Amino acid sequence: MAEIKMKMAIDPFKVVGKALVSAKKQRVPRRVVSVDYDEEADILYVKFRHARMVDSESLDDEGLVVASLDERGKIAGLMIMQASKFAEAS
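The residue numbering used here restarts from 1 in each chain and proceeds along that chain's sequence as written. Reporting in this predicted model follows two pLDDT cut-offs: at least 70 for local features of residues, and 80 or more for side-chain atom pairs to be given and counted; totals over whole chains, interfaces and linings ignore these cut-offs and use all residues. In computing side-chain values, all of the structure's heavy atoms are included and hydrogens and water are not.

Asker: Run through the nonpolar core, naming residues and quoting values.
Answerer: As used here, the term nonpolar core means buried Ala, Val, Leu, Ile, Met, Phe, Trp, Tyr and Cys residues forming a set that is joined through side-chain atoms within 4.5 Å. When a residue's accessible area, from a 1.4 Å probe over protein chains only, is under 20% of the maximum for its type it is buried; when over 50% it is exposed; and in between it is partly exposed. Within the largest apolar cluster, 22 residues are counted, with the highest numbers of intra-cluster contacts made by Val15, Leu44, Leu78 and Ile80. Each helix is a run of H or I in the DSSP string that is no shorter than four residues. Each strand is a run of E no shorter than two, and both are numbered from the N terminus. Looking at this core, the elements that each hand over two or more residues are helix 1 (12–21), strand 2 (43–47), strand 4 (65–69), strand 5 (75–81) and helix 2 (83–88). For this analysis, residues touch if any pair of their heavy atoms sits within 4.5 Å. Once residues lying within four places of it in the same chain are set aside, the contact partners of Val15 are Ile10, Leu44, Ile80, Ala83, Phe86 and Ala87.

Asker: Describe in detail the packing of aromatic side chains, supporting the description with residues and values.
Answerer: For this analysis, a ring pair means two rings from Phe, Tyr or Trp (six-membered ring only for Trp) whose centres lie within 6.5 Å, classed as stacked if their planes differ by under 30 degrees, edge-to-face if by over 60, and tilted for the remaining angles. Inspection of the entire model under this criterion finds 0 aromatic pairs. Positioned above the aromatic ring of Phe86 is the side chain of Lys85, whose terminal nitrogen or guanidinium carbon lies 5.7 Å from the ring centre. Two limits define a charge over a ring: the Lys NZ or Arg CZ must be within 6 Å of the ring centre, and within 35 degrees of the ring normal.

Asker: Would you mind going over the environment of Phe86 in detail, with residue names and values included?
Answerer: Relative to the helices and strands, Phe86 resides in helix 2. Residues within four places of Phe86 in sequence aside, it is in contact with Val15, Lys18, Ala19, Ser22, Leu64, Val65, Ile80 and Met81.

Asker: Mind laying out the pattern of salt bridges, listing which residues take part and the relevant values?
Answerer: In the sections that follow, a salt bridge refers to a side-chain nitrogen of Lys or Arg positioned within 4 Å of a carboxyl oxygen of Asp or Glu. The final tally for this structure, using the stated rule, is 4 salt bridges. Between Arg52 and Glu71 there is a salt bridge whose closest N-O contact spans 2.8 Å. With Arg52 in the loop between strand 2 and strand 3 (55–58) and Glu71 in the loop between strand 4 and strand 5, this pair connects stretches of sequence that are 19 residues apart. Overall, Glu71 belongs to the exposed group, its relative accessible area being 57%. With its nearest N and O atoms 3.8 Å apart, the salt bridge here joins Asp70 to Arg72. Three or more residues are tied together by salt bridges with common partners; here these are Arg49, Asp70 and Arg72.

Fair warning: the whole summary comes from geometry, so function is off the table for now.
If you want it as structure tokens, here you go:
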């Protein structure tokens, strides 16, 4: 069988780690259930659990890291705008 090599446009875990450095609230769930990256819009979506999202809250001063909140106000996901900026940060 031929070996197939695949590469993601960005490393989502590196992006989340770098994005949370500037976040006001750094406590997010550690288990990820889904990751989606919109390369055209440069937005990384990370879902920590299956929940109905009812609100959102910016976690950084620039508004690039936004938490999706469930009905109890708990962080159920993240939306990271300009994700490639965080992927390149050292």
